[in-house]
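Report on the structure
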Amino acid sequence: DVKVTQSSRYLVKRTGEKVFLECVQDMDHENMFWYRQDPGLGLRLIYFSYDVKMKEKGDIPEGYSVSREKKERFSLILESASTNQTSMYLCATNMRYEQYFGPGTRLTVT
Amino acid sequence: AQSVAQPEDQVNVAEGNPLTVKCTYSVSGNPYLFWYVQYPNRGLQFLLKYITGDNLVKGSYGFEAEFNKSQTSFHLKKPSALVSDSALYFCAVTPRGQAGTALIFGKGTTLSVSS
């Protein structure tokens, strides 16, 4: 089974803090994705990566950056957290046609 | 712009009755189509997909979906609902030929099955 893990299930940060969300996959997949999930908006793509050190902006990249130094790890960085970034963050990887999701990190910015 | 529509925010059904969760899409060409389910405080779980072939696709937990090209729809169905089916359901698409790219998701439909 494909396993995608995220470093934290719940996270509370203060406005202005730099926040790191980590995602690790164990299947040597090339493609990895970060989505944000908000009620009534579904999932929106923040960033994705096709390979190590490669990244592409998704639909809502503002306020975020990413890092992919190793194939198995894809990090989402909130440079200066704001309250409007309070959300559920989901990491995914894909194999052929299917995407596999991590359990999600529920981030609250106060 | 490419998009997925789930016209119902919530679907309520009694246990044992058939259920349908609707999905329509607007994507250029013939897309790959997916359904995912999310239980409370969990990540998304893959239910089923349509890639090619038979328009009726069977998936996990007794769910099935029918691809209708003329109506650009991919409705999720189950003949007999269970209380444990209560969850948030997402329809998603990706353009054909872009299997490795990100999915375009609908906004989700909450299914509530009453006993």
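Higher on the page you've got the structure.
The structure displayed is predicted, hence computed values, not measured ones.

1. Quick notes on the overall build of chain B
When its secondary structure is counted, chain B shows 0 helices and 12 strands. Ordered by position in the sequence, the α and β elements of chain B form the string β-β-β-β-β-β-β-β-β-β-β-β. Over its C-alpha trace chain B gives a radius of gyration of 13 Å, about what one expects of a compact globule, namely 13 Å for 115 residues. Overall, chain B is about 45 × 30 × 20 Å in size when its C-alpha atoms are taken along their principal axes. In chain B, which comprises 115 residues, the share counted as buried stands at 46%. Computing the positive centroid from 9 side-chain charges and the negative centroid from 7, chain B places the two 8 Å apart.

2. So, the overall build of chain A
Of the regular secondary structure elements, chain A holds 0 helices and 11 strands. Along chain A, helices and strands appear, N-terminal first, in the series β-β-β-β-β-β-β-β-β-β-β. Here the C-alpha radius of gyration of chain A, 13 Å, is about what a compact globule of 110 residues would show, namely 13 Å. For chain A, buried positions account for 49% of its 110 residues. Counted over contacts in chain A with a minimum sequence separation of 6, partners at least 24 positions apart contribute 54%. Of the side chains in chain A, 16 bear a positive and 15 a negative charge, and the two mean positions are spaced by 5 Å.

3. Details of the interface of chain A and chain B
For an interface, size is often stated in terms of accessible area lost upon the parts coming together. Counting residues at the interface gives 22 residues for chain A, matched by 21 residues for chain B. Counting the surface lost from both chain A and chain B, the interface buries some 1,700 Å², and carbon and sulfur atoms represent 56% of this. Counting across the chain A and chain B interface gives 1 salt bridge. Notably, a salt bridge pairs glutamate 98 of chain A with lysine 49 of chain B, separated by 2.9 Å at the nearest N-O pair. Looking at the side of chain A that touches chain B, the elements with two or more residues in it are strand 4 (32-38), strand 5 (42-49), strand 9 (87-95) and strand 10 (98-101) of chain A. Class assignment for the residues of the side of chain A that touches chain B results in 11 nonpolar, 7 polar and 4 charged.

4. Focus on the environment of asparagine 68 of chain B
Residue and element names in this part refer to chain B. Summarising the element assignment, asparagine 68 is placed in strand 8 (residues 64-68). With 44 residues separating them in the primary sequence, asparagine 68 and threonine 24 have C-alpha atoms 9.3 Å apart. In this view, asparagine 68 contacts Tyr25 and Ser73; residues no more than four positions away in its chain are not counted. Within the structure, asparagine 68 has its side chain in polar contact with the backbone nitrogen of glutamine 71 (distance 3.0 Å).

5. Some details on the state of the cysteines
A full pass over the atoms with the stated rule returns 2 disulfides over all chains. Put simply, cysteine 23 of chain A and cysteine 91 of chain A are joined by a disulfide, and their sulfur atoms are 1.8 Å apart. On the S-S bond that ties cysteine 23 of chain A to cysteine 91 of chain A, the torsion sits near -75 degrees, and the link is left-handed. Of this pair, cysteine 23 of chain A sits in strand 3 (residues 19-25) while cysteine 91 of chain A sits in strand 9, and the two are 68 residues apart along the sequence. Considered together, cysteine 23 of chain A and cysteine 91 of chain A belong to a single accessibility category, that of buried residues. Bridging cysteine 23 of chain B to cysteine 91 of chain B, the disulfide has an S-S length of 2.0 Å. A torsion of -65 degrees about the S-S bond marks the disulfide between cysteine 23 of chain B and cysteine 91 of chain B as left-handed. On the criterion of sequence distance, the pair formed by cysteine 23 of chain B in the loop between strand 3 (19-21) and strand 4 (24-26) and cysteine 91 of chain B in strand 10 (residues 87-95) is long-range, its members being 68 residues apart.

6. Some details on the side chain of threonine 105 of chain A
All names here are of chain A. Among the structural elements, threonine 105 can be located in strand 11 (residues 105-109). With a relative accessible area of 1%, threonine 105 lands in the buried category. Looking at threonine 105, its side chain comes within polar contact range of the main-chain oxygen of serine 8, at 2.5 Å. The residues touching threonine 105, leaving out its near neighbours within four places in the chain, are Gln6, Ser8, Arg9, Leu11, Leu21, Ser87, Met88 and Tyr89.

7. Considering the sheet that holds strand 3 of chain A
Residues and elements named next belong to chain A. Read across the sheet, 4 strands follow the order 1-3-8-7 without closing on themselves; strand pairing throughout is antiparallel. At either margin of the open sheet sits one strand with a lone partner, and together these are strand 1 (4-6) and strand 7 (64-70). When strand polarity is set aside, the average angle formed by the axes of neighbouring strands in this sheet is 20 degrees. Where strand 7 meets strand 8 (residues 73-78), 5 bridges bridge the pair, whose relative direction is antiparallel. From the neighbouring strand, valine 66 faces strand 8, where its bridge partner is leucine 76.

Scoring rules and cut-offs
- Residues numbered from 1 in each chain as written.
- Chains lettered and ligands numbered in written order.
- Predicted model: local features only at pLDDT ≥ 70, side-chain atom pairs only at ≥ 80, totals over all residues.
- Heavy atoms only, no water.
- Helix = DSSP H or I, 4+ residues; strand = E, 2+ residues; numbered from the N terminus.
- Rg over C-alpha atoms; globule rule 2.2 N^0.38 Å.
- Buried < 20%, exposed > 50% of the residue type's maximum accessible area, 1.4 Å probe, protein only.
- Lys, Arg positive; Asp, Glu negative; His and termini not counted.
- Charge placed at Lys NZ, Arg CZ, Asp CG, Glu CD.
- Contact = heavy atoms within 4.5 Å.
- Buried area = accessible area lost by both parts, 1.4 Å probe.
- Salt bridge = Lys/Arg side-chain N within 4 Å of Asp/Glu carboxyl O.
- Nonpolar A, V, L, I, M, F, W, Y, C, P; charged D, E, K, R; others polar.
- Polar contact = N/O pair within 3.5 Å; in protein donor to acceptor, adjacent residues only side chain to side chain.
- Disulfide = S-S within 2.5 Å.
- Pairing = 2+ DSSP bridges.
- Axes fitted to C-alpha atoms, helices over the stretch in contact; angles between N-to-C directions.

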